[in-house]
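Each chain is listed here by its residues.
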Amino acid sequence: MQASLRDGAALLLVLFLSGCRSATLPTRLPPTPEGMVLISAGEALIGTDDPDTDEERRPQRRVFLPTFFIDRDEVTNAEFACFRPTHTFDSGQAKLPATGVTYADAEAYAHWAGKRLPTEDEWEKAARGTDGRRFPWGATWDRNKVAARAPKPTLKLACGKYSRVRPVGSVPAGASPYGCRDMAGNAWEWVQGHPYGNPEQRILKGGAVGYGERGCRTYERGIEGAKAT
């Protein structure tokens, strides 16, 4: 999605991490780390042929991806605070996704945790499986499978605005084929790469609370400055 994240919605950025991957499928896989899921090596459908999306996401194509692990849930405030004690939050907000985080912060957290940020293709495969589905749960939009905006502000962002995110994993019915949650709505998630090769910009996936059907499609993307929070 080429539109700015400032198009009528708060900036909600979140970390979503993948573990080490191999160039080929190993003969014996290590145990799946706690809190992560295994994405087996193989082809995935990336992008779309939908005519109402941006040209840069078309056409749909097949991409081979090696085996990798990816976190089941977005990184929480409590988890991020273990890395950065200055990341403070009010009582009752420990399980909210860690927002107001720059790309550099996300990358640093990933390195600290012994992981890395996923590529855009890895994120898409984890969100849509191998059948190229439009949403993590299937082909048809269902607002009941996306975290709705909390009735009251839940977290103050670094920019001074307030978000209405929900605790991670609040809507298990919206999980992807691999069991990853909140990959449609709740908070935007940083992934590796620069859109159009522009080093000053970064890519986010998954939409956020308050975003509609299109913003929550698995193949759509948000674009923001690398220093945005």
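For the structure, check the block above.
What counts and what doesn't
Residues numbered from 1 in each chain as written. Predicted model: local features only at pLDDT ≥ 70, side-chain atom pairs only at ≥ 80, totals over all residues. Heavy atoms only, no water. Phe/Tyr/Trp six-rings, centres within 6.5 Å; stacked < 30°, edge-to-face > 60°. Lys NZ or Arg CZ within 6 Å of the ring centre and 35° of its normal. Core = buried A, V, L, I, M, F, W, Y, C linked by side-chain atoms within 4.5 Å. Buried < 20%, exposed > 50% of the residue type's maximum accessible area, 1.4 Å probe, protein only. Helix = DSSP H or I, 4+ residues; strand = E, 2+ residues; numbered from the N terminus.

Peer 1: Just to check I follow, could you spell out the packing of aromatic side chains for this structure?
Peer 2: The description of an aromatic ring pair uses the distance of the two centres, along with the angle that the planes make with each other. Overall, the coordinates contain 10 aromatic pairs when judged by the stated rule. Members of the aromatic cluster, each reached through a chain of ring pairs, are Phe80, Phe83, Tyr109 and Trp112. Across from the ring centre of Tyr103, 3.7 Å away, lies the NZ or CZ of Arg202, which sits over that ring.

Peer 1: Explain the nonpolar core here, please?
Peer 2: Within soluble globular proteins, side chains that are nonpolar tend to cluster in buried spots. Residues Phe80, Ala106, Tyr109, Leu117, Trp188 and Trp190 are the most contacted members of the largest nonpolar core, which totals 14 residues. Listing elements by their share of this core, those giving two or more residues are helix 1 (77-83), helix 2 (103-112) and strand 8 (188-191). Counting residues in hydrophobic clusters, the runner-up holds 11 residues, among them Ile39, Phe68, Ala126 and Cys180.

Peer 1: Help me understand the side chain of Glu122 in this model?
Peer 2: With respect to the helices, strands and loops of the structure, Glu122 is situated in helix 3 (residues 120-128). On the accessibility criterion, Glu122 (1% relative accessible area) is buried.

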